[in-house]
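Each chain is listed here by its residues.
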Amino acid sequence: MKLSVLDQSVICKGETASTALQKTVKLAQITEELGYTRFWVAEHHNTNGMAGSSPEVLLSHIASNTKRIHVGSGGVLLPQYAPYKIAENFKLLEALFPNRIDVGIGRSPGGSAATRLALTDGLRKSLNEFPRQVKDLQGFLHNQLPTDHPFQDVQAFPVTDRIPELWLLGITHRGARLAAENGTAFTYWHFITPVNGARAMDYYYHHFQPSSALTEPTANVCVFVVCASTQERAEELALSQDLWLLAVEKGIDTRIPSVQEAKATSVTQDQRMKIEENRKRMIIGTPQKVKSEIFRLSEKYRAEEFMIISNIYNFEDKLEIYRLLAESIM
């Protein structure tokens, strides 16, 4: 079983964005030492609780401060950008850090309507263009645009010996279908929507069409994990993540609260029900319980790589989660 990391550079209450980013780099260094396969960073905009607004910039810094681990985006919000620019960004990263760069892309609008318009400089771009953009991105990465393409004479530089591996990120079978049709790797975001996973992964494996970049289907699954030496301690640590998710869904203060604040916060019956629903997106427990659940999901999804995301308050407790998982699973 391979383990990897998705980190959102979430800011804890009482800390700064700079501190959150320093922790992201430290986490990459520690997980590299522990033997994790890849380390991806997310893209979020117009939020006071997430410092990772530019994955290309951040992963360049991470790659400079690590030696072997694959680094990438989880993911670049392609609908807001030009495929040509994304191709050149990641080919440049590949030239700087050979054989270590992944380009993960998603269809998410990236925030509110106003935020999206700010990203596109006021241009109203349709999300329905995403399939075409994926093909264009592949064409620019490999310099293989169709002969009748309007930009056929435009090449993405620099030229590199290896092309960054392209991953499509999805939460439904539609994303899996696009990845399968284009012969790209696929990541299922179980930590966002767990109910569609089996259908999405089955579709991907059954309909995968080999491409010049990938001859066999390649997939992983991303899941929230909170792990500790006892079930009671793991449940306690997860309280800060529970409260944080409620804030994220309301679009309010999205900095991570402490466990003490979470314990002192009164929640309504509706919020309690929402927390219980959100817990379906997580694995919480001892190393033995987490291992058992990951292997159960591995059989369900036919996945041999899991990306771990953990948004809890205390950084040392967060590091311990990744240590415990490495010891029990890898």
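All figures in this text were calculated on a predicted structure; none of them were measured in a lab.

Enquirer: Provide a residue-level description of the pairing of strand S5 (residues 101–106), including the pertinent values.
Expert: For S5, a buried count of six out of six residues is recorded, marking the element as mostly surrounded by other parts of the structure. As paired elements, strand S3 (residues 70–73) and S5 share two bridges and run parallel to each other. Within S5, the residue paired with Gly72 across the bridge is Asp102. Bridge count between strand S4 (residues 76–77) and S5: two bridges; the pairing is parallel. What sits directly across from Leu77, in S5, is Gly106. A crossover links S4 with its parallel partner S5, the connecting element being helix H3 (residues 83–96), and its sense is right-handed. Examined bridge by bridge, S5 and strand S6 (residues 165–170) share four bridges and lie parallel to one another. Paired with Asp102 across the strands is Glu165, a residue of S6.

Enquirer: Describe helix H10 (residues 269–278), and please don't skip the residues or the numbers.
Expert: Every buried residue of H10 is accounted for by Gln271, Ile275 and Asn278. Taken down its axis, H10 places every buried residue within 65° of arc, on the same side. With respect to the buried face of H10, the exposed residues turned more than 90 degrees away are Gln269 and Asp270. Tucked inside the fold, the buried residues of H10 contact helix H8 (231–250) and strand S9 (282–285).

Enquirer: How would you explain the packing of H3 against helix H5 (residues 130–142) if you had to name every residue and give the values?
Expert: Packing of H3 against H5 leaves a shortest axis separation of 8 Å and a crossing angle of 40°. Regarding the angle of H3 to H5, the classification is oblique. The crossing of H3 and H5 is right-handed. Mapping the contact onto sequence places Pro83, Tyr84, Ile86, Ala87 and Lys91 in H3 and Gln133, Asp136, Leu137, Phe140 and Leu141 in H5. Split into classes, the residues belonging to the contact of H3 with H5 amount to seven nonpolar, one polar and two charged.

Enquirer: Any chance you could break down the pattern of salt bridges for me, citing the residues and the numbers?
Expert: Within the structure shown, the criterion is met by 18 salt bridges. Notably, a salt bridge pairs Arg279 with Asp242, separated by 2.6 Å at the nearest N-O pair. Of this pair, Arg279 sits in the loop between H10 and S9 while Asp242 sits in helix H8, and the two are 37 residues apart along the sequence. Residue classification places Asp242 among the buried positions, given a relative accessible area of 4%. The salt bridge partner of Glu277 is Lys280, with a shortest N-O separation of 3.2 Å. Residue classification places Glu277 among the partly exposed residues on the basis of a relative accessible area of 40%.

Enquirer: So what's going on with the nonpolar core? Residues and values would help.
Expert: Grouped together as the largest cluster of nonpolar side chains are 91 residues, with contacts concentrated most on Ile105, Tyr204, Val225, Phe306, Ile308 and Leu325. Excluding anything up to four places from it in sequence, Leu325 contacts Leu3, Tyr36, Val225, Cys227, Val290, Ile308 and Met330.

Enquirer: Give me the side chain of Lys91: which residues, what numbers.
Expert: By the element assignment, Lys91 lies in helix H3. In this structure Lys91 is buried but unpaired, with Glu88 as the nearest side chain of opposite charge at 7.6 Å. Within the structure, the side chain of Lys91 is placed 3.1 Å from the backbone oxygen of Ala156, a separation counted as a polar contact. Each residue touching Lys91, except ones within four places of it in the same chain, is listed here: Phe140, Leu141, Asn143, Ala156, Pro158, Thr160, Ile163 and Pro164.

What counts and how
- Residues numbered from 1 in each chain as written.
- Predicted model: local features only at pLDDT ≥ 70, side-chain atom pairs only at ≥ 80, totals over all residues.
- Heavy atoms only, no water.
- Buried < 20%, exposed > 50% of the residue type's maximum accessible area, 1.4 Å probe, protein only.
- Helix = DSSP H or I, 4+ residues; strand = E, 2+ residues; numbered from the N terminus.
- Pairing = 2+ DSSP bridges.
- Right-handed = clockwise from strand over helix to strand, strands pointing away.
- Arc of directions from axis to C-beta.
- Contact = heavy atoms within 4.5 Å.
- Axes fitted to C-alpha atoms, helices over the stretch in contact; angles between N-to-C directions.
- Parallel < 35°, antiparallel > 145°, perpendicular 65-115°, else oblique.
- Left-handed = near helix turned anticlockwise from the far one by under 90°.
- Nonpolar A, V, L, I, M, F, W, Y, C, P; charged D, E, K, R; others polar.
- Salt bridge = Lys/Arg side-chain N within 4 Å of Asp/Glu carboxyl O.
- Core = buried A, V, L, I, M, F, W, Y, C linked by side-chain atoms within 4.5 Å.
- Lys, Arg positive; Asp, Glu negative; His and termini not counted.
- Polar contact = N/O pair within 3.5 Å; in protein donor to acceptor, adjacent residues only side chain to side chain.

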